[in-house]
Amino acid sequence: MNTSAKDRLGMLFGRLPAEPLPDTFRSDLMEKIRAEAVRLRKRRERYALYGVIAASAALLLVAAVTLYLYGAAHGTAGVAAGMPEIPDMPPVGFPNLLVHPVLLFVAGAACLLLAFDYGLRKIFGPYRQKSAPNEL
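Residues numbered from 1 in each chain as written. Predicted model: local features only at pLDDT ≥ 70, side-chain atom pairs only at ≥ 80, totals over all residues. Heavy atoms only, no water.

## Here we look at the overall build of the protein chain
Now for step 1: Along its length, the protein chain carries three helices and zero strands.
Now for step 2: From first element to last, N terminus to C terminus, the protein chain shows the α and β order α-α-α.
Now for step 3: Sorting the 136 residues of the protein chain into buried and exposed places 4% on the buried side.
Now for step 4: In the structure as shown, the protein chain presents an accessible area of about 12500 Å², 69% of it carried by carbon and sulfur atoms. (Helix = DSSP H or I, 4+ residues; strand = E, 2+ residues; numbered from the N terminus. Buried < 20%, exposed > 50% of the residue type's maximum accessible area, 1.4 Å probe, protein only. Areas by Shrake-Rupley, 256 points an atom, 1.4 Å probe, with all protein chains shown as cover.)

This is how it looks when you write it as structure tokens:
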């Protein structure tokens, strides 16, 4: 901003009459800021909930289609009219984890990392910043 613009602003603000602010000006302003912060937080939570609902619906849809097609291939469900049959799929089974030590190691590592993450969140969770700077 150049000096002439600053001079003009100073002159315009100088023309304003000096009126005292109401006694509740600060508290009213802080209340408005808090209300806006709550509104933004609720909107973020609502969008996160919509994302979780959409992801869950997509997973359920994929699971239903997979089970339908698997059942259609094995003759346990009726195939819709005009829908081609898919080739036989091998039956799905759960492997014995003791037979596959790599799977057992990965499952153990995942559980250990989840426990470590839970512990860190429990220790450092209360100290993290509640809102990002310049959010308001």
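That shown, we press on.
## Thoughts on the packing of aromatic side chains
Now for step 1: In this structure the tally under the stated criterion is one aromatic pair.
Now for step 2: Seen from their ring centres, Tyr47 and Tyr50 are 6.4 Å apart, and the 50° between their planes marks the pair as tilted. One end of the pair is Tyr47 and the other is Tyr50, both in helix α2 (residues 25-73) and three residues apart, which spans about a single turn. (Phe/Tyr/Trp six-rings, centres within 6.5 Å; stacked < 30°, edge-to-face > 60°.)

## A short note on a nonpolar patch on the surface
Now for step 1: On the surface, Leu9, Met11, Leu12, Phe13 and Leu16 cluster together into a nonpolar patch covering about 510 Å² of accessible area.
Now for step 2: With respect to the secondary-structure elements, Leu12 resides in helix α1 (residues 3-15).
Now for step 3: Since its relative accessible area comes to 46%, Leu12 is described here as partly exposed. (Patch = residues over 30% accessible without salt bridge, like charges linked within 9 Å, V, L, I, M, F, W, Y side chains within 5 Å. Salt bridge = Lys/Arg side-chain N within 4 Å of Asp/Glu carboxyl O.)

## As for helix α3 (residues 101-124)
Now for step 1: Between its terminal C-alpha atoms α3 stretches 34 Å, which fits the 34 Å expected from 24 residues at 1.5 Å a residue.
Now for step 2: Among the 24 residues that make up α3, zero are buried, leaving the element largely open to the surroundings. (Expected span 1.5 Å × (residues − 1).)

## Digging into the pattern of salt bridges
Now for step 1: Inspection of every chain in the model, using the stated rule, returns three salt bridges.
Now for step 2: Measuring nitrogen to oxygen at the nearest pair gives 2.5 Å for the salt bridge that ties Glu36 to Arg39. One end of the pair, Glu36, and the other, Arg39, are both in helix α2, three residues apart, so they sit about a helical turn from each other.
Now for step 3: Its relative accessible area of 43% is what places Arg39 among the partly exposed residues.

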